[in-house]
Amino acid sequence: MSMAIRNLRKSFGDLLVLDSVSFEMQPSSITAILGPSGCGKTTLLNILSGILAADAGAVTGLEDKRFSYCFQEPRLLAWLSAEDNMRYALASLQGTNTIDQRISRFLEEAGLTEFRHFRPHQLSGGMQKRLSLARAFAFPSDILLLDEAFSAVDLKQKIELMQAFLKLWKDERPTAVIVTHNMHDALFLADQIVVLSQRPAHVRGILQINTPHEARLFGSSELAAYEQQLYGLLGFIGLDQDTNMSSN
Amino acid sequence: MPLAWRLLGIACFLVAWQAASSIVKSELILPPPPIVLKALATLSTTTKFWSSVSGSLARVLESFLLSIAIGLLSGFISGISQSAKAFLSPFITGVRATPVLALILLAMFWFPSSQVPVFSAVLMAFPVMHTSAEAGIRSVDQNLLQMSRLFHVPKRVMLWRLRVPSALPYILSGAKNALGLSWKVVVAGEVLSQPRMALGSAMQESRLMLETADVFAWALVTILLCGLSEYLFGLLTARANLVYLPIAPQADARSSMQDQGKYEE
């Protein structure tokens, strides 16, 4: 059953943040919410997860769904080892064996098995982010929400992080919602990209990407075509093609 | 280098003391350091000395542990609940503002002489612990709290794995202050309540017999014991910080691990 967001509206006091936002998500798909910084992407994510209530509109198909999260900053406990950080997040689950198995499995898939006893300060920034991703996937969920999870790392770490994400995602294929202001992150990972406008945010357009992840090579003509479509949706054609929209 | 400066500080203090004593020229008013050290050496050969030290030490330990227990409990509750904080705050403020001597004199009506110093020290030291524990609990990283809630981490796990370790630096700092305060108040309480086997009682007896050098010697013992206990507690604190909060040496740890080839990136 698909999940739908219909005419979502949210304001904080007099400040209208989301104005009639609507889109659909298919189960086990990856949806990227792309928009300029401060346009209300995180607010939308918080409404999807139930942290915030919308003023108007409806979210259907998300009832009784389990959510997991990956944040912009890794949010790790400095005094716990990598595996204990995961164990902490899985503390609400039943069965020690199940928890241990999930921890081992996802640490391995994130390439962190040999660092399982390391504390966060002993890991690089990219490894901390991978640990945060592994933790999010290890927590059994139907929907995974990622808030700028691929930002604030250098290009090499970002590519490793996105590859780790895809590897982890293919394991159980939860429905993933990625909030980002970087169009390349969205192009590389998403099955559909929902483009939001400046605040108050509305949906400028939705781009479906049918190319398999393995075939999404930067510089390929297929990805370039999607990129052009995305520029069109963003209204950037003829302007400086800066793909990082934080400055807009 | 800090040790050298510390020794220099002590040496300057002793020189100033000796100079003041030479000016006063009365061992009854201000005995010089050598006389006090001699009195201390003499006292340390007596049974009374060791029984007084052990008696006071036991009282300090008792009051310190009680202050920690009560302060931690009330501080944690206050840190977690705004209502509890509002409820407890008049009591804490009242106790904090009460002069220590008034407390000791009142306690003499209520308790046997051996427990007066303990009661007074607990009442003076536990608010210190309370405030530190409360501040520690409130200092927890809000992002980590939100992450814990989103992952439905049980409250018991959150308390022991997140809140307590976050509060640990505050708790240890508060406990160190409470320890020093316990020594001061216990000995002051002993001076007034005169229990058996107590540094304060011995100090008071020496004063009544006009043995000024002995009064100085007993005071010196108290200072040394207080300093020693704070030093030992500091060692424990350093150990706990090493176990729970390895944040400071981040860059060093990372570069040394890279050197050892254990580090990936």
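Computed from a prediction, not measured in an experiment: that's the story for all the values here.

Below, the discussion takes up the sheet that holds strand E8 (residues 192-196) of chain A. Within a sheet, neighbouring strands are paired by backbone hydrogen bonds and run either parallel or antiparallel to one another. Residue and element names in this part refer to chain A. One open sheet holds the six strands; their spatial order is E5-E6-E7-E3-E8-E9, and the pairing between them is mixed. The open sheet has two edge strands with one neighbour each: strand E5 (67-70) and strand E9 (203-208). When strand polarity is set aside, the average angle formed by the axes of neighbouring strands in this sheet is 15 degrees. With five bridges connecting them, E8 and E9 associate as antiparallel partners. Note that in E9 the partner of Val195 across the bridge is Gly205.

Residues and elements named next belong to chain A. The assigned domain composition of chain A is domain 1 (1-66 + 142-222 + 232-239) and domain 2 (74-140). For domain 1 versus domain 2, the distance between C-alpha centres works out to 25 Å. Taken together, the 12 residues of domain 1 in the interface contact 13 residues of domain 2. The dominant element in the side of domain 1 that touches domain 2, judged by the number of residues it contributes, is helix H5 (residues 155-172), at eight residues. For the side of domain 1 that touches domain 2, the residue count by class is seven nonpolar, one polar and four charged.

Glancing now at the packing of helix H5 (residues 100-110) of chain B against helix H6 (residues 116-138) of chain B. Residue and element names in this part refer to chain B. H6 packs onto H5 with a crossing angle of 140 degrees between their chain directions and a minimal axis gap of 9 Å. Between H5 and H6, the angle is such that the two are oblique. As for how H5 packs across H6, the hand of that crossing is right-handed. Taken together, the residues of H6 that come into contact with H5 (itself represented by Val100, Leu103, Ile104, Ala107 and Met108) are Val116, Phe119, Ser120, Leu123 and Met124. Classifying every residue of the contact of H5 with H6 gives nine nonpolar, one polar and no charged.

On to the sheet that holds strand E1 (residues 3-12) of chain A, then. All names here are of chain A. Ordered by their spatial adjacency, three strands build an open sheet running E2-E1-E4, and the pairing between neighbours is antiparallel. Edge positions in the sheet fall to strand E2 (15-25) and strand E4 (56-60), since each has one partner strand and no second. Taken pair by pair, the neighbouring strands of this sheet meet at an average axis angle of 20 degrees, ignoring direction. Pairing between E1 and E2: seven bridges, direction antiparallel. Within the sheet, the bridge partner assigned to Ala4 lies in E2 and is Glu24. Running at roughly 60 degrees to E2, helix H1 (residues 41-49) makes contact with E1, E2 and E4 of the sheet.

To continue, consider H5 of chain A. All names here are of chain A. The end-to-end C-alpha distance of H5 is 27 Å, a good match for the 26 Å that 18 residues give at a rise of 1.5 Å each. When we look at burial in H5, the residues that qualify are Leu161, Ala164, Phe165 and Leu168. Taken down its axis, H5 places every buried residue within 105 degrees of arc, on the same side. Opposite the buried face of H5, by more than 90 degrees, sit the exposed residues Leu155, Lys156 and Lys170. Those residues of H5 that are buried are in contact with helix H3 (96-109), helix H4 (125-138) and helix H6 (183-189). Where H5 terminates, the next one or two residues include Arg173, which has phi positive at roughly 45 degrees.

Residue and element names in this part refer to chain A. Here Val153 lies in the loop between strand E6 (143-147) and H5. Residues Val153 and Gly126, spaced 27 residues apart in sequence, show a C-alpha to C-alpha distance of 6.6 Å. Setting aside residues no more than four positions away along its own chain, Val153 makes contact with Gly125, Gly126, Lys129, Lys158 and Leu161.

With that settled, the discussion passes to unusual backbone geometry. In this chain, Arg199 of chain A is followed by Pro200 of chain A through a cis amide linkage whose omega measures -5 degrees. Within the secondary structure, Pro200 of chain A is located in the loop between E8 and E9. Even without being a glycine, Asn7 of chain A presents a positive backbone phi close to 50 degrees. Tracing the backbone shows Asn7 of chain A in strand E1. We note that Leu210 of chain B has phi near 55 degrees; this positive angle belongs to a residue other than glycine. Residue placement: Leu210 of chain B occurs in the loop between helix H9 (199-208) and helix H10 (212-244). Note on Leu210 of chain B: 9 C-beta atoms within 10 Å, which makes it exposed.

What follows covers the environment of Thr175 of chain A. Residue and element names in this part refer to chain A. Looking at the element boundaries, Thr175 is found in strand E7 (residues 175-180). Classification of Thr175 as buried rests on a count of 22 C-beta atoms within 10 Å. On a C-alpha basis, the gap between Thr175 and Met25 in space is 8.1 Å, while along the polypeptide they are 150 residues apart. Those residues in contact with Thr175 that lie beyond four places of it in its chain are Met3, Met25, Pro27, Ser28, Ser29, Asp142 and Ile143.

The rules behind each value
- Residues numbered from 1 in each chain as written.
- Chains lettered and ligands numbered in written order.
- Predicted model: local features only at pLDDT ≥ 70, side-chain atom pairs only at ≥ 80, totals over all residues.
- Pairing = 2+ DSSP bridges.
- Helix = DSSP H or I, 4+ residues; strand = E, 2+ residues; numbered from the N terminus.
- Axes fitted to C-alpha atoms, helices over the stretch in contact; angles between N-to-C directions.
- Domains from an automatic or database assignment.
- Contact = placed C-beta atoms within 7 Å.
- Nonpolar A, V, L, I, M, F, W, Y, C, P; charged D, E, K, R; others polar.
- Parallel < 35°, antiparallel > 145°, perpendicular 65-115°, else oblique.
- Left-handed = near helix turned anticlockwise from the far one by under 90°.
- Expected span 1.5 Å × (residues − 1).
- Buried ≥ 20, exposed ≤ 12 C-beta atoms within 10 Å, placed from the backbone.
- Arc of directions from axis to C-beta.

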